[in-house]
Amino acid sequence: MTSRLLMPYRSAGRAARSDVRRGSRPPEVRGSTRATEILDWTDPGVTALVNRVRGRASASETLRVAHGIIAREIRPVYSVEDRRRVSTTLRLGRGSCSQRMAVLEAVARAVGIRTRVRGLLVDGVFWYPRFPRLKPLVPEQVLLAWPEFRLEGAWVPIGELFGKGGGDGGFTNRGGETLFDAVARTTVDWGGATACGATGGGCDLSAQVRTDLGHFDSRDALFAQQGQTLCFAARAVSEPVLGRWSAGS
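Residues numbered from 1 in each chain as written. Predicted model: local features only at pLDDT ≥ 70, side-chain atom pairs only at ≥ 80, totals over all residues. Heavy atoms only, no water.

A. Summary view of the nonpolar core. In terms of nonpolar packing, the biggest core is built from 60 residues, with Leu104, Trp146 and Trp190 touching the most fellow members. Per-element accounting of this core gives the leading share, nine residues, to helix H5 (residues 97-110). The contact partners of Trp190, leaving out residues within four places of it in the chain, are Arg118, Leu120, Val122, Phe126, Leu144, Trp146, Leu179, Leu205, Ser206, Gln208 and Val209. (Core = buried A, V, L, I, M, F, W, Y, C linked by side-chain atoms within 4.5 Å. Buried < 20%, exposed > 50% of the residue type's maximum accessible area, 1.4 Å probe, protein only. Helix = DSSP H or I, 4+ residues; strand = E, 2+ residues; numbered from the N terminus. Contact = heavy atoms within 4.5 Å.)

B. Inspection of helix H7 (residues 219-226) at higher detail. Buried within H7 are the following residues: Arg219, Asp220, Leu222, Phe223 and Gln226. In an axial view of H7, the angular spread of the buried residues amounts to 160°, which keeps them on one side of the axis. Of the exposed residues in H7, the ones pointing more than 90 degrees away from its buried face are Ala224 and Gln225. Following H7 by one or two positions, Gly227 adopts a phi angle in the positive range, close to 75°. (Arc of directions from axis to C-beta.)

C. Focus on the pattern of salt bridges. Applying the stated rule across the entire model yields nine salt bridges. The shortest N-O distance in the salt bridge between Arg52 and Glu73 comes to 2.8 Å. Residue Arg52 is located in helix H2 (residues 44-53), and its partner Glu73 is located in helix H3 (residues 59-73); the two are separated by 21 residues in the primary sequence. Classification of Arg52 as partly exposed rests on a relative accessible area of 41%. Of the charged contacts, one joins Asp123 and Arg210 as a salt bridge, the two residues approaching to 3.3 Å between their closest N and O atoms. You can see Asp123 sitting in strand S3 (residues 115-123) and its partner Arg210 sitting in strand S6 (residues 209-216), a full 87 residues away along the chain. A residue is classified by how much of its surface remains accessible, and Arg210, at 37% relative accessible area, is partly exposed. (Salt bridge = Lys/Arg side-chain N within 4 Å of Asp/Glu carboxyl O.)

Put into structure tokens, the structure is as follows:
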């Protein structure tokens, strides 16, 4: 019941699968701390948030504290503008999962922590619980920029920022809890590498991934290559409504 009508043309997913079949190994993506069009951490509004989290005992604690502030102060909505600047999200006081994750990435870069993203095409069926009456309009695939942070010499996905473990029941994609909020409670793993345990089966979401597009230096680079989930016309029509529609309502 998912739809392709609202999606842009995308061929890179097929290329990614071909590379995997040929067994090629892409070069390491090192990420960066630089500001980008989306991660505009030099903006005064972003700097004000960064100043609230400086001076923590470790880089990991800095990000966890920032995550808590973002979760409390930026209202989760269903905005479809993935390329929105972080400074705009902060000014509006509301943002989608992707936009709130971008805020955390901007904070990380501002304090000297390299970030990168993993590009995932996630089955649209995964979002059915969010839009039970709009299933025919849910895109066939949703492009997700999943952040990773360079901490103590290793890349740590946002889903493991609070440690590994199944948590309390995993993530069901129902109600008011979003992916961004869920990572503070449970591991969210798109690769199937986490032992979720008896109560945390929902932390392994690898079955929802249609295509793993690999790593990109920034979400800007991912969206520049792949486009956004919805085409321009669909975003223009739906953003005025979805951009104010609170998650879970």
